[in-house]
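# Survey of secondary and tertiary structure
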Amino acid sequence: MASDGPRYNFTDAEPRWQQAWAARGCFRVEDVPADGKPKYYVLEMFPYPSGKIHMGHVRNYTLGDVVARYKRARGFSVLHPMGWDAFGLPAENAARERGVHPAKWTFENIANMRTELQRMGLSIDWAREFATCEPRYYGHQQKLFLDFLRAGLVERKESWVNWDPVDGTVLANEQVIDGRGWRSGAPVEKKRLSQWFFSITKYAPDLLAALDGMDRWPERVRTMQKNWIGHSTGAEVRFSLTAPEAGPEADIDRVEVYTTRPDTLFGMSFLALAPEHPLAAAVAARDAGAAAFVAECRSMGTSEAVIETAEKKGHDTGLRVAHPFLPGVSFPVWIANFVLMEYGTGAIFGCPAHDQRDLEFARKYGLNVTPVVLPPDADPASFTLGNDAYVGPGTIFNSGFLDGLGVDDAKRTVIAELERLGIGTGVTNWRLRDWGVSRQRYWGCPIPVIHCDACGVVPVPDAQLPVVLPEDVTFDKPGNPLDHHPTWKHVPCPKCGAAARRETDTFDTFVDSSWYFARFCSPLSAQPLDRAAVDHWMPVDQYIGGIEHAILHLLYSRFFTRAMKATGHVSEEEPFAGLFTQGMVTHASFKGADGRWLYPDEVTIGADGAAVCTATGEPVTVGRVEAMSKSKRNTVDPGAIIVRYGADTARWFILSDNPPDRDIEWTESGVAGAYRFTQRAYRLAEAVAALPAGGGAVPENFCAPALALRRATHRAIASVSEALEGFAFNVAVARMYEFANAIGESDRAADGEGLGWARREALAMFARLLSPMMPHLAEEVQALLVPGSELVAELPWPDADPALVAAESVTIAVQVMGKLRATIAVAPDAAAQAVIDAAEAEPNVARLLEGKRVVKRIHVPGRIVNFVVAG
RNA sequence: GCCCGCCUGGCGGAAUGGUAGACGCACCGGACUUAAAAUCCGGAGUCCUGUAGGGCGUGGGGGUUCAAGUCCCCCGGCGGGCACCA
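The text that follows walks through the structure, step by step, so that each part is easy to find. Nothing here was measured: the structure is a model prediction, and the numbers come from that model. (Residues numbered from 1 in each chain as written. Chains lettered and ligands numbered in written order. Predicted model: local features only at pLDDT ≥ 70, side-chain atom pairs only at ≥ 80, totals over all residues. Heavy atoms only, no water.)

### Looking at the overall build of chain A
Scanning chain A for helices and strands turns up 27 helices and 35 strands. Along the three orthogonal principal directions, the C-alpha set of chain A runs to about 105 × 85 × 65 Å. Out of the 871 residues in chain A, the part that is buried amounts to 52%. Counting only contacts in chain A whose residues sit at least 6 apart along the sequence, the fraction spanning at least 24 positions is 72%. For chain A, the computed accessible surface area is about 37,700 Å², with 52% contributed by carbon and sulfur atoms. (Helix = DSSP H or I, 4+ residues; strand = E, 2+ residues; numbered from the N terminus. Buried < 20%, exposed > 50% of the residue type's maximum accessible area, 1.4 Å probe, protein only. Contact = heavy atoms within 4.5 Å. Areas by Shrake-Rupley, 256 points an atom, 1.4 Å probe, with all protein chains shown as cover.)

Shown next as structure tokens:
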């Protein structure tokens, strides 16, 4: 770093301004404000307290802070809170691996991360902070659950989980690696457990329909949610077994199948059951081969990605089903690993010609492939299928009474026939499943119910809430510590008083994050939500977070808000009016000579571009640029960056480098460039502050450089405002660079009438425009210009003077046949004919038009003239 | 496997269907300096060996249009999600 010249000292300035904001309470708001200002609720997805903030947090919270500060300057009363998504598996892992209690680990992490976030200079109302692992939060969550239960929005049913038979533990999908438990290495089994479910499927039609009106959500997120909810129409068809199978309770003589393609029923070649289907279980009870196959499928885990990418396998049960329309024709019944029990009826009919998965299965097991949909222009006599099923439109053939119909007509016709025969019905189906919320873990919100042998499941009475987690637990045994606790689960039944047991399952942590945004409105309320406060602040006007939450978290929150409305806690049903999804922070990865990954700060890039290990001098392989992760060690610690360059520099770089919805690559050179700009901005301010004190009155006249600067100033106000409104923060930064360049030019101009005034105006506006992005430097610049000034954080956003924004002349592109051949400068309001004449007179244009017949002259005012010539 | 995105100079990117490459980074040249750093000024998509003029150019291929980075179709590469990670 250079030694000459006065420099902006961020180490001194940043904490000083953070204290000034806190002392003034700039970012505090009331639960129900009486200031009459319009409200604006900005929220970033709250962090999991892993211990340290990472660059993804820096990006997320910088984006939110720019919006919060901008809206505040625009006159809104802004709610901008912060809290902690504090329950979850990592705390239990830490407990098992290092013997530290999850609560201690979590609260220490929170303390550290709070300090780090506060160093970023975020305009947050810290008085609203809470952690979801505090009883003062999760106790209210238990109340909401009980209200949902009373409202019929909760039910208990069975579902399949990943079970580690060695550890005796339920495994998360991420804990299943290649079909084995991550700790024990034992093959994972599917196990059936009785669990609590939120009835999200009751809201499926509404959750789907409301997406259409959510115009401040990214289109792709809405599309992903639509696909996830998965509305489909089709038919349920009952197939009769040619011989009944003895089931555990009664004989099974038929199988229900759901299909979206009833029009292809005549192309059927088999029927396939999910391995968990009751009929499959019945067959397995007497057939060792089937039992072995079902057991094999059970070892596949519950993840849809795993199931659908696995090799398609099946087992022929030997059973046959009759075709619904073809007397005497029957098809084999298989058990297949790609049929999902959770979707439809857990059984399908296979039509290999028109479904890719069925085709692969049929080819593998030598089953018939009968095409029944003829593509347009195909010849029915010769049409055959290769390796691709035909799923497009066409005409039905080989299909009895459906022959000659189009696909959609055939669907209607076949459903009518199925209904007439009483063997099927047209149905609407949803891919969305109910939300299973039971987790067999300690570090989560206890589910407030009690199991009584006499009374069954009994809700904990509201007066006994919260059900608090016991602190004295041990993690030396596998399984859920709540199960092993000597006393906690033993309670009297609230109904009959007999000895009973607490539910030891805790909630999925997605429950915690499904209503925290509403709790922030009244974080100290004795009720889950204070109606006046949530009615004032909700919905969140701008929600900001990672695209990885596009489906689950956002959909669950949308459901939860509806459920809270149904139980009288809120008035709105959509929690997030505006959504912005940010990209990830990436960095190059480095691998040392010994094959170990190296952190970026262990690596030096030489002048020749070659990377070496700083400590050993050994060569380093530069790997791909990818999402920062601990395993690849391609992380950069925001704390270290803030110490070295300051929070404003970190904020500026992360805003400047690219559009916020794309992945950003963190680079040292980019940060250094951002740092240089902070110093340059400060120098520009110093130069202006050194000018003789200016009077308040606007000068009568401005010399040319002064006028040019004023135009630049007001163009900057207009363009930075527009960029901020549109989340184009990288463009806002570019406009600020242009503005700084213009100020720099005025610095070098010969002094003339009004120049000093224009420069003061420029710097004053510069500070205001800078403040959402680099709030500390903005305050410093303002203090330099106007010692003892108000805080920029409390100043209103400036308005541009339209007369100064308007261009004096515009450059028009002149094209001949769509190719640029000249440009001309014209007045913004020049008449069309005058512009066309001027364009035609351009030598290069005239040359190209000579001897040609101009058939069309296109003039887009302020933009372009295009001559279309014949021949 | 299924669903959803993204792809523009050496790099990040800008661009209501209307001058492709604003702005920044890196680079090169100049000024300042004993020198370096810092700072300031200037240059630059690429090719036709020139500051005129022109060709080519927004992952590849086709299409719509007076005009396509932008709209449509196909293909490729990269990434996100897939229900117990958060």
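Having seen the model, we can carry on.
### Focus: the pairing of strand β34 (residues 854-860)
Pairing between β34 and strand β35 (residues 864-869): 6 bridges, direction antiparallel. Paired with V860 across the bridge in β35 is I864. Counting the residues in the hairpin turn of β34 and β35 gives 3 residues, including G862, whose phi is positive at 80 degrees. (Pairing = 2+ DSSP bridges.)

### Regarding the pairing of strand β8 (residues 231-246)
On a regular strand, one side chain projects to one face of the sheet and the next to the other, so that they alternate. Note: β8 against strand β16 (residues 424-430), 7 bridges, orientation antiparallel. Looking across to β16, one finds that S232 is bridged to N429. For β8 and strand β9 (residues 251-259), the ladder comprises 8 bridges, and the chain directions are antiparallel. Along β9, the bridge assignment pairs F239 with V255. Connecting β8 to the antiparallel partner β9 that follows it, the hairpin turn spans 4 residues.

### As for the sheet that holds β34
As summarised here, the arrangement of the 4 strands in space is β33-β32-β35-β34, forming an open sheet in which the pairing is mixed. Each of the sheet's edge strands pairs with one partner strand only, and the pair in question is β33 (819-826) and β34. On average, each strand axis in the sheet is inclined to that of its neighbour by 20 degrees, with strand direction left out of account. Set on the sheet, helix α26 (residues 832-841) makes contact with β32 (810-816), β33, β34 and β35; between it and β35 the angle comes to about 65 degrees. (Axes fitted to C-alpha atoms, helices over the stretch in contact; angles between N-to-C directions.)

### What to know about the packing of aromatic side chains
Counting across every chain of the model gives 51 aromatic pairs. Measuring from ring centre to ring centre gives 4.8 Å for F130 and Y137, while their planes differ by 15 degrees; the resulting arrangement is stacked. By relative accessible area, which is 2% here, F130 ends up buried. We classify Y137 as buried; its relative accessible area is 1%. Among the aromatic residues, those joined into a ring-pair cluster are F145, F148, W196, F198, Y203, W435, F507, F510, Y556, F559 and F560. (Phe/Tyr/Trp six-rings, centres within 6.5 Å; stacked < 30°, edge-to-face > 60°.)

### Points about the nonpolar core
Membership of the largest hydrophobic core comes to 173 residues, with the highest contact counts inside it found for Y41, F198, Y516, W666, F766 and M773. The residues contacting Y41, other than those within four sequence positions of it, are L79, P81, F517, F520, C521, W537, M538, P539, V540, D541 and Q542. One finds I252, L273, F331 and Y390 within the second-largest nonpolar core, a separate group that totals 45 residues. (Core = buried A, V, L, I, M, F, W, Y, C linked by side-chain atoms within 4.5 Å.)

### Observations regarding the sheet that holds strand β2 (residues 77-79)
What the 4 strands build is an open sheet, ordered β2-β1-β24-β25; its pairing is parallel. Since the sheet does not close on itself, it has two edges, and those belong to β2 and β25 (579-582), each with one partner. Taking each pair of neighbouring strands and ignoring which way they run, the sheet shows an average axis angle of 20 degrees. By the bridge criterion, 3 bridges tie strand β1 (residues 39-44) to β2 in an arrangement that is parallel. Directly across from Y41, in β2, lies its bridge partner L79.

### A short note on helix α7 (residues 219-229)
Of all the residues in α7, the buried ones are V221, R222, Q225 and I229. Projected down its long axis, α7 carries its buried residues within an arc of 100 degrees, all on one side. Residues of α7 that are buried sit in contact with α6 (204-211), β8, β16, α17 (552-566) and β25. Following α7 by one or two positions, G230 has its phi on the positive side, about 65 degrees. (Arc of directions from axis to C-beta.)

### Let's talk about the pattern of salt bridges
Enumeration over the complete set of coordinates arrives at 51 salt bridges. Note that E780 is salt-bridged to R16, the shortest N-O span being 3.3 Å. Here E780 is found in helix α24 (residues 775-785), whereas its partner R16 is found in helix α1 (residues 10-24), with 764 residues between them in sequence. Assessed through its relative accessible area of 13%, E780 is described here as buried. What you see here is one network of salt bridges that share partners, running through R28, D31, D125 and R128. (Salt bridge = Lys/Arg side-chain N within 4 Å of Asp/Glu carboxyl O.)

### A closer look at the environment of G623
Topologically, G623 is positioned in strand β30 (residues 619-627). Taking the C-alpha atoms as reference, G623 lies 7.1 Å from K591; in sequence the two are 32 residues apart.

### Concerning helix α18 (residues 638-645)
For an α-helix the count is 3.6 residues per turn, leaving residues at separations of three or four pointing the same way. Along α18, the residues that are buried comprise P638, G639, I641, I642 and Y645. End-on view of α18: buried residues confined to an arc of 165 degrees, all on one side of the axis. Residues of α18 that are exposed and point more than 90 degrees away from the buried face comprise V643 and R644. Looking at the buried side of α18, the elements it contacts are α1, α2 (55-73), α4 (102-119), α19 (647-656) and α20 (668-689). The N-capping residue of α18, defined by a side-chain oxygen 3.1 Å from the backbone nitrogen of G639, is D637. (Polar contact = N/O pair within 3.5 Å; in protein donor to acceptor, adjacent residues only side chain to side chain.)

### A few points about the environment of R748
Relative to the helices and strands, R748 is located in helix α22 (residues 729-748). Considering only alpha carbons, one finds R748 and P705, 43 residues apart in sequence, at a separation of 9.7 Å.

### Some points on the packing of α6 against α17
Remark: α6 packs on α17, axes separated minimally by 11 Å, with the N-to-C direction vectors making an angle of 110 degrees. Classified by the interaxial angle, the pair formed by α6 and α17 is roughly perpendicular. Handedness of the α6/α17 crossing: right-handed. Only L555, R558, F559 and R562 of α17 make contact with α6, whose side of the interface consists of D206, L207, A210 and L211. When the residues that make up the contact of α6 with α17 are grouped by side-chain class, the tally is 5 nonpolar, no polar and 3 charged. (Parallel < 35°, antiparallel > 145°, perpendicular 65-115°, else oblique. Left-handed = near helix turned anticlockwise from the far one by under 90°. Nonpolar A, V, L, I, M, F, W, Y, C, P; charged D, E, K, R; others polar.)

### A closer look at the side chain of H315
Locating H315 in the fold gives a position in strand β11 (residues 314-322). A distance of 3.3 Å separates a polar atom in the side chain of H315 from the backbone nitrogen of A290. Setting aside residues up to four positions removed in sequence, H315 forms contacts with D287, G289, A290, F293, V333, W334 and I335.

### A look at the packing of helix α21 (residues 704-725) against helix α23 (residues 755-770)
Contact geometry for α21 and α23: axes closest at 9 Å, N-to-C directions at 15 degrees. Comparing their axes, α23 and α21 come out roughly parallel. Between α21 and α23 lies a crossing whose hand is left-handed. Here P705, A706, L709, R710, T713, H714, A716, I717 and V720 of α21 come into contact with α23, specifically with L755, W757, A758, R759, E761, A762, M765 and L769. A per-class count over the contact of α21 with α23 returns 12 nonpolar, 2 polar and 3 charged.

### Some points on the environment of A550
Mapping A550 onto the fold places it in the loop between β24 (542-546) and α17. Judged by its relative accessible area of 1%, A550 falls in the buried class. Residues A550 and V221 lie 329 residues apart in sequence; the distance between their C-alpha atoms is 5.6 Å. Discounting residues that sit within four places of it in the chain, A550 has contacts with V221, M224 and Q225.

### A short note on unusual backbone geometry
Note the cis peptide between L465 and P466, where omega equals -5 degrees. Structurally, P466 can be placed in the loop between β20 (456-459) and α13 (481-484). Looking along the chain, the bond that leaves M538 and enters P539 is cis, with omega of 0 degrees. Structurally, the position occupied by P539 is in the loop between α16 (531-537) and β24. With a phi close to 60 degrees, F727 is a non-glycine residue in the positive phi region. Mapped onto the fold, F727 is located in the loop between α21 and α22.

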